[in-house]
Amino acid sequence: MTSPVARGACPRLSEPMQTGDGLLARIVTAGPIPLDGFTRLCAAANEHGNGVMEISARGSLQVRGLTRLSAPLFVKDVASLDIELCEGVPVIASPLHGDPDAFMDADALAVELRRDIAGKSLALAPKVSVIVDGGGVLHLDALAADIRLRAVKTATGPMLHIALAGDAASATPLGLAAPCDAVSVAVQILSTIAALGPEARAADLLRDNGIGTLRTAPGTRIVLAGSLPMRSPAEPIAVHRFKDGACALGLGLAFGHIKADALIELMDIATANGAVWVRPAPHRSLLLGPLTEAKAVATRKTAERLGFIVDARDPRRRIVACSGARSCASGLIAARTIAAQLAGHLPTALGIVHISGCAKGCAHPGPAPLTIVGTSQGCGIVRDGTARDTPETCVTADDLAATVNRFTKTREAALA
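Our subject in this report is the structure included herewith. (Residues numbered from 1 in each chain as written. Predicted model: local features only at pLDDT ≥ 70, side-chain atom pairs only at ≥ 80, totals over all residues. Heavy atoms only, no water.)

A closer look at the packing of helix α1 (residues 35-48) against helix α2 (residues 70-79)
Okay, so step 1: Where α1 contacts α2, the axes come no closer than 10 Å and their chain directions differ by 170°. Looking at the two axes, α1 sits roughly antiparallel to α2. In this structure, α1 contributes L41, A44, A45, E47 and H48 to the contact, and α2 contributes S70, L73, F74, D77 and V78.
Okay, so step 2: The class makeup of the residues in the contact of α1 with α2 is 6 nonpolar, 2 polar and 2 charged. (Axes fitted to C-alpha atoms, helices over the stretch in contact; angles between N-to-C directions. Helix = DSSP H or I, 4+ residues; strand = E, 2+ residues; numbered from the N terminus. Parallel < 35°, antiparallel > 145°, perpendicular 65-115°, else oblique. Contact = heavy atoms within 4.5 Å. Nonpolar A, V, L, I, M, F, W, Y, C, P; charged D, E, K, R; others polar.)

A short note on the environment of T29
Okay, so step 1: By the element assignment, T29 lies in the loop between β2 (22-27) and β3 (33-34).
Okay, so step 2: The class for T29 is buried, based on a relative accessible area of 10%.
Okay, so step 3: Expressed as a C-alpha distance, the spacing of T29 and L61, which sit 32 residues apart in the sequence, is 7.7 Å.
Okay, so step 4: Residues in contact with T29, not counting those within four places in the same chain, are I83, E84, L85, C86, R114 and P280. (Buried < 20%, exposed > 50% of the residue type's maximum accessible area, 1.4 Å probe, protein only.)

With respect to the sheet that holds strand β18 (residues 368-375)
Okay, so step 1: Pairing is mixed across the open sheet formed by 5 strands, whose spatial order is β16-β17-β18-β19-β20. Looking at strand neighbours, the two that pair on one side only are β16 (319-321) and β20 (393-395), the edges of this open sheet. With direction set aside, neighbouring strand axes in the sheet form an average angle of 25°.
Okay, so step 2: The sheet contact formed by β18 and strand β19 (residues 378-385) spans 7 bridges and is antiparallel. Looking at the pairing, T375 lines up with G378 of β19. (Pairing = 2+ DSSP bridges.)

Here's what the structure looks like:
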């Protein structure tokens, strides 16, 4: 099987990327979005694109189906909205603004970091990113980044644990820095990465220079510290309670996408129920608030009717699917259509199922217990591997349910 080459660039609002259904623009928001602004953004997606909107695994908002003529008009419309955007190096902050368990205001620190990065005009690789984790319940342990800043509680007050090149489990720890120093340390690291060349990443910096060089760099105020313990997985799909009695409602997008019209209807209901902001969040989710608990329940009922995921146990959450054929030029199977057909037939014990339109595996680069990958021969089956691995067999879409059932029984027997 020929393996497509993953692209080294990322789509942006001002630089959309060509896909199978037109141009795709990615928007990285820099904080909560007023509901009226988000509604107008959805209307612009309808007017200038094909009306399909997505939230990525990292919490970015994507608009599909733009054209060469409509994309500039979409950019112009977005610029007129009251939405804070992160248009340079993606600095991803903890999504639950006002998280009662947080040790630090991640949004405020991210604003300062974005400003200082922009002032350096660094030539960095498109996929370089920074995470600012306030230490709250909706943490960012699962997201990989070149630089990770995580607020931790110490005897002298909150500090930021800095680590490089990975998620919380795999990143290499640099040490602890005071909040007043952490931003300058992060910018210094990015400057060092940029000096290695326009395609360099933090992993290259570690390989070429080593972590010790960074710890002893002039002006670096770092307290040595090891890796932090992993936290329980963050769960955005829930009612999140604040200290003042208000709540935020977390919803999921089935397979990461939904029609703009459904989002507009949800914003109307949320507004009527008293919410004032919305925020795309990691794990293909959406947060709304503030709401009373009763209004959060009412909004959740409407969201369920519109097709949103309102229960963390929803079987659709166990399927990771890319846009697939028609939407993606590389897609060989209709990944999301297949995902919807299989969702109700997946045994709980199976774990994550990855459905990839091609061997790039964009939606889930890592291994999964079962991967269904598009090939020229149909749906390739990979067990305990990735979309890049050679399938052990290929079946038609009509035979997938039976094939998955047989795979599950074999797996359960092996684990018994």
